[in-house]
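Observations on the model geometry
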Amino acid sequence: MKITLNVWRQSSPQAAGAFVKYDVDGVSADMSMLEMLDVLNDRLESKGEAPIAFDHDCREGICGSCGFMINGVAHGPEKEITVCQTHMRSFKDGDELTLEPWRAMAFPVMRDLMVDRSAFDRIIQAGGYVSVRTGSAPEANATPVMKEHADMAFEAAACIGCGACVAACPNAAAMLFTSAKVSHLGLLPQGAPERDKRALDMVAQMDKEGFGHCTNHGECEAVCPKGISVNFIARMNRDLLKATLRSTR
Amino acid sequence: MTLDGKCPSGPIETAWDTHRFNMKLVNPANRRKYNVLVVGTGLAGAACAATLGELGFNVQAFCYQDSARRAHSIAAQGGINAAKNYQNDGDSVHRLFYDTVKGGDYRSREANVHRLAQISVNIIDQAVAQGVPFAREYGGLLDNRSFGGAQVARTFYARGQTGQQLLLGAYSALSRQVHAGTVKLHTRTEMLDLVVIDGRARGIITRNLATGALESWIGDAVVLATGGYGNVFFLSTNAMGCNVTATYKAYKKGALFANPCYTQIHPTCIPVSGGYQSKLTLMSESLRNDGRVWVPKSAADATKDPSTLPEDQRDYYLERRYPSFGNLVPRDVASRNAKTVCDEGRGVGHEVDGQRRAVYLDFRDAIQRVGKSTIEARYGNLFHMYTKITGENPYESPMRIYPAIHYTMGGLWVDYNLMSNIEGLFVLGEANFSDHGANRLGASALMQGLADGYFVAPPTISDYLARVGWGSKITAEHEGFKAALGETNDRIQKLLNIKGKRPVDSFHRELGNVMWDKCGMSRTKEGLEEALKRIPEIRAEFWENVNVPGENKGVNQSLERAGRVADFLEFGELMCLDALERAESCGGHFREESQTEDGEALRDDVNFCHTAAWEFKGVETAPTLHKEALTFEHVKLTQRSYK
Ligand SMILES: Cc1cc2nc3c(=O)[nH]c(=O)nc-3n(C[C@H](O)[C@H](O)[C@H](O)COP(=O)(O)OP(=O)(O)OC[C@H]3O[C@@H](n4cnc5c(N)ncnc54)[C@H](O)[C@@H]3O)c2cc1C
Ligand code: SF4
Ligand code: FES
């Protein structure tokens, strides 16, 4: 098939960007979206032109490196998958696709489709952990965990930190990402002692990074490749309220 | 050079405890005076950096991804072994030790493996305390499954995302130390050289992948936890960025590279669909519990719709050749047989470069026997993944699978303390060679990475630091740093100045094809000799005709890839040489010249019961081979059989 791409090209964080049009022919339906970009990049490289920069690593939908907007939708048209798992059979011959980086104040564009998501790391550093030193852990089966809680904690822990939720949100909020970690640890007995402090600290960091506020659009859940539920946001808000009331700070 | 593994003497059961007692400690007040550089934030690196930080050392941690959470460990699916014996099915530290030595086909060090089995139980405790959501039973206790043909259920898992959950656990511990200020994290930073001064590892040279800046980092010890080199084959189940650069550069600075030819091939991956293919996706081995592997009896039927082929025109070759194990033969046996039938022209599926390289994995009979819903409950997510990638429905037509490179057992040589022959250079996780011998058991890599990172390296690094002290002052102005920085810069400029006609990937693919054909599932003297002639030719053309656009400023992904491919182009030769030298078959290394009458791998314990450790002598000069003899006092050497 032949696909026409409008790709956001921006040579550096400071440079002004613009869309550039590329016609890619010989696209096979079995190619992934990123393999199609590889083919285009090989052609550009052979001509000595700069290839399109995009983050990627595992290409299995688990590392969370990849992600950009395809025709205005984070990770493209298919439900619950990342761009690296999106195959060209989702499109048809002659389609025109617009590829654009995540747009959010807290995710500055570095080059082309690549953005800086280090704000997510700083949110985790603010409290997304259980404070347990290596060697100080009790015997693993000493604390049984209700299966329902363990399963729900797993659902939240499945977040891959890709940032699509932020990109899709009209307010560029990071609520889905943050609430997933707050819920994952808060649901487990191991995470209980720090539950209040964790929610307060992570949300404070989230605000500091310049992410917007949640006004319940639900766009985040719609694009999340791991199907993280907005119910975790409600859960975090409850945690936060309780923590604020209890807070002695 | 004599290779001393420094394994403690005395009973193996208490060796690690005794050894730990004999190690020196650094006074808590002095720990922050030591700088440790940890390269890699996968399971091994993140666990080590976090633990050293907790102890109060000053740690600098590096990874090439944009976040420490994205290391390739994230992709591990199946699970992690530990000798907890929660199932009361006869498991023990000794049994895990025994299985690992035997599984490694008697090419690992007993003392290391025993320690690994011992520590395995602490890893689970640690992970659970961090909040890793392992699968649980209704009573709230941890669940286990049996994995990769093990006779006991000792594998802990978190659905199909065990690696992800364990890595996020280690990443959270690391993040906590970043917050505490003991660890400084440098993401999007690639190590390009090791600095050795007066025989000691004293630092690294890195390139900032966002700006292109080259930097020198000074340390009292350097830890490499940079993962495996499977991407030398271009197509593998590894992440795209996995590379040999860090360990290969250390090799060029004098660290010995051990058993590079030991690679593991996974039999159930989704086959190549076209020349544009960038990586291969693993499908869990558990599929072989119910799927039947076959190809048409006649090559003429390769393109026919499989459902139209009657029973008597199908060849269930694994069931035919291995009546007792059938479709459940070990990974390497299943893989080699798939290659054989495809070599005979009976492969199925897409034709790529004139060949069909896939076999059927058929669930028709299983669906008839137990029903579609049972199969769906067992493998629903895998079938879904298969459909997503191939666009085909495995409930209706058989899956197509083919083997792919999955794991590399070889790595930098280390002693019992995980220190290489270069003083102060520690190597952890898949990057070292230490525990899996010639073949790794399923669910044991995660265990080893975390054992190394949380429990082994922190005390051995402390011991080393206590012995060397912090007195020696070195600055980035030292000749050793200036020279390494200069060389790194020259190499980058050289790559950028070629401006030839071929893209970087085309060389990587070409190398990968040679490696896969000649140094893949089965190897011969002639094939390896051919590869050893061919690789330098590809390398020479690379340095004349590659086109790396742009300059060393800002993000330049072509330059990143070019540097990694340049190293693979040298390393591939070392692998082939090692494979040629090891004229026996063992574990994942199959030399066609060394097989039993039934076509099974035949070890040669008289001539090859050793670790082969290679010393760099120059890019165009043959390396020197050093041997570390292996002795087996606790597990008796036997030949395996699956007939
Ligand atoms: C698809 C798949 C499934 C698997 N499933 C299982 C399983 O079920 N059970 C099991 O036990 N094992 C499994 N394995 C194997 C296991 O996942 C790996 O062996 C293990 O995770 C390796 O961990 P590591 O910490 O050594 O390295 P990695 O996780 O690969 O981390 C390497 C780190 O080094 C960094 N790095 C690399 N090079 C450089 C450089 N030059 N400069 C700076 N940083 C660098 C990277 O950024 C990264 O942080 C699987 C492997 C694959 C491919
Ligand atoms: S919540 Fe979903 S969309 Fe947001 S970072 Fe996590 S996986 Fe990505
Ligand atoms: S590349 Fe890892 S999730 Fe897409």
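Residues numbered from 1 in each chain as written. Chains lettered and ligands numbered in written order. Predicted model: local features only at pLDDT ≥ 70, side-chain atom pairs only at ≥ 80, totals over all residues. Heavy atoms only, no water.

On average, residues of chain B carry a pLDDT of 95, and 99% of them reach 70 or more. Here the prediction assigns the complex a pTM of 0.97, and the interface score ipTM is 0.98. (pLDDT = per-residue confidence, 0-100.)

This next bit is on the pattern of salt bridges. Under the counting rule described, the total for this entry stands at 75 salt bridges over all chains. One salt bridge in this structure joins A:Arg43 and A:Asp25, with 3.4 Å as the shortest N-O distance. Taken together, the positions of A:Arg43 in helix α1 (residues 33–46) and A:Asp25 in the loop between β2 (18–24) and α1 put the pair 18 residues apart, joining distant regions of the chain. Between B:Glu573 and B:Arg539 there is a salt bridge whose closest N-O contact spans 2.6 Å. Of this pair, B:Glu573 sits in helix α15 (residues 557–581) while B:Arg539 sits in helix α14 (residues 525–545); the two residues are 34 residues apart in sequence, bridging distant segments of the chain. The exposure class assigned to B:Arg539 is buried, which follows from its relative accessible area of 4%. Put simply, B:Asp105, B:Arg107, B:Arg582, B:Glu584, B:Arg603 and B:Asp605 are held in one network by salt bridges that share partners. (Salt bridge = Lys/Arg side-chain N within 4 Å of Asp/Glu carboxyl O. Helix = DSSP H or I, 4+ residues; strand = E, 2+ residues; numbered from the N terminus. Buried < 20%, exposed > 50% of the residue type's maximum accessible area, 1.4 Å probe, protein only.)

All names here are of chain B. With domains assigned, chain B is organised as domain 1 (267–404) and domain 2 (479–629). The C-alpha-based centres of domain 1 and domain 2 are spaced at 31 Å. Contact with domain 1, which involves 13 residues of that partner, is made by 9 residues of domain 2. Looking only at domain 1, the three residues that lose the most surface to domain 2 are Asp332, Arg336 and Lys339, adding up to 50% of its buried area. (Domains from an automatic or database assignment. Contact = heavy atoms within 4.5 Å. Buried area = accessible area lost by both parts, 1.4 Å probe.)

Residue and element names in this part refer to chain B. Pairing within the open sheet is parallel, and its 5 strands lie in the order β5-β2-β1-β9-β19. The open sheet is flanked by β5 (183–186) and β19 (425–427), the only strands paired with a single partner. When strand polarity is set aside, the average angle formed by the axes of neighbouring strands in this sheet is 20°. With 4 bridges connecting them, strand β1 (residues 35–39) and strand β9 (residues 221–224) associate as parallel partners. Within the sheet, the bridge partner assigned to valine 39 lies in β9 and is leucine 224. Sheet strands touched by helix α11 (residues 445–468): β1, β9 and β19. Its angle to β9, the strand with the most contacts, is close to 160°. (Pairing = 2+ DSSP bridges. Axes fitted to C-alpha atoms, helices over the stretch in contact; angles between N-to-C directions.)

We now examine the packing of aromatic side chains. Residues and elements named next belong to chain B. One pass over the full model with this rule turns up 29 aromatic pairs over all chains. With a centroid separation of 4.7 Å and an interplanar angle of 50°, the aromatic rings of phenylalanine 383 and tyrosine 395 are classed as tilted. Pair noted here: phenylalanine 383 is in helix α10 (residues 372–390) and tyrosine 395 is in the loop between α10 and β17 (399–408), with a separation of 12 residues, a long-range link. Grouping aromatic residues by their ring pairs yields a cluster made of Tyr229, Tyr248, Tyr251, Phe257, Phe571 and Phe616. The ring of tryptophan 543 carries lysine 494 above its face, with NZ or CZ at 4.6 Å from the centroid. (Phe/Tyr/Trp six-rings, centres within 6.5 Å; stacked < 30°, edge-to-face > 60°. Lys NZ or Arg CZ within 6 Å of the ring centre and 35° of its normal.)

For the rest of this paragraph, the subject is the site of ligand 2. Close contacts around ligand 2 come from A:Phe120, A:Cys159, A:Ile160, A:Gly161, A:Cys162, A:Gly163, A:Ala164, A:Cys165, A:Leu176, A:Cys224, A:Pro225 and A:Ile228, and that covers them all. Partitioning the shell around ligand 2 into residue classes produces 10 nonpolar, 2 polar and no charged. (Near = heavy atom within 4 Å. Nonpolar A, V, L, I, M, F, W, Y, C, P; charged D, E, K, R; others polar.)

Here the focus is the site of ligand 1. Residues and elements named next belong to chain B. Lining the immediate environment of ligand 1, one finds 37 residues, of which Gln65, Ser73, Gly78, Met191 and Glu430 sit closest. Within the backbone of leucine 43, a nitrogen or oxygen atom sits 3.1 Å from an oxygen atom of ligand 1. For ligand 1, an oxygen atom lies 2.6 Å from a polar atom in the side chain of glutamate 430. Protein contacts shield 98% of the accessible area of ligand 1, which totals 1000 Å² for the unbound molecule. For the shell around ligand 1, the secondary structure elements donating two or more residues are α2 (43–55), β6 (189–197), β17 and α11. Looking at the shell around ligand 1, the element that brings in the most residues is β6, giving 3 residues. A per-class count over the shell around ligand 1 returns 16 nonpolar, 18 polar and 3 charged. (Polar contact = N/O pair within 3.5 Å; in protein donor to acceptor, adjacent residues only side chain to side chain. Areas by Shrake-Rupley, 256 points an atom, 1.4 Å probe, with all protein chains shown as cover.)

Taken together, the contact pairs 73 residues of chain A with 73 residues of chain B. Counting each side, the surface lost to burial between chain A and chain B is near 6100 Å², with a carbon and sulfur contribution of 51%. Summed over the shared surface of chain A and chain B, the number is 6 salt bridges. Where A:Glu155 meets B:Arg159, a salt bridge forms, and the shortest distance between an N and an O atom there is 3.2 Å. Put simply, chain A and chain B have 46 residue pairs in polar contact (both at pLDDT 80 or more) between them.

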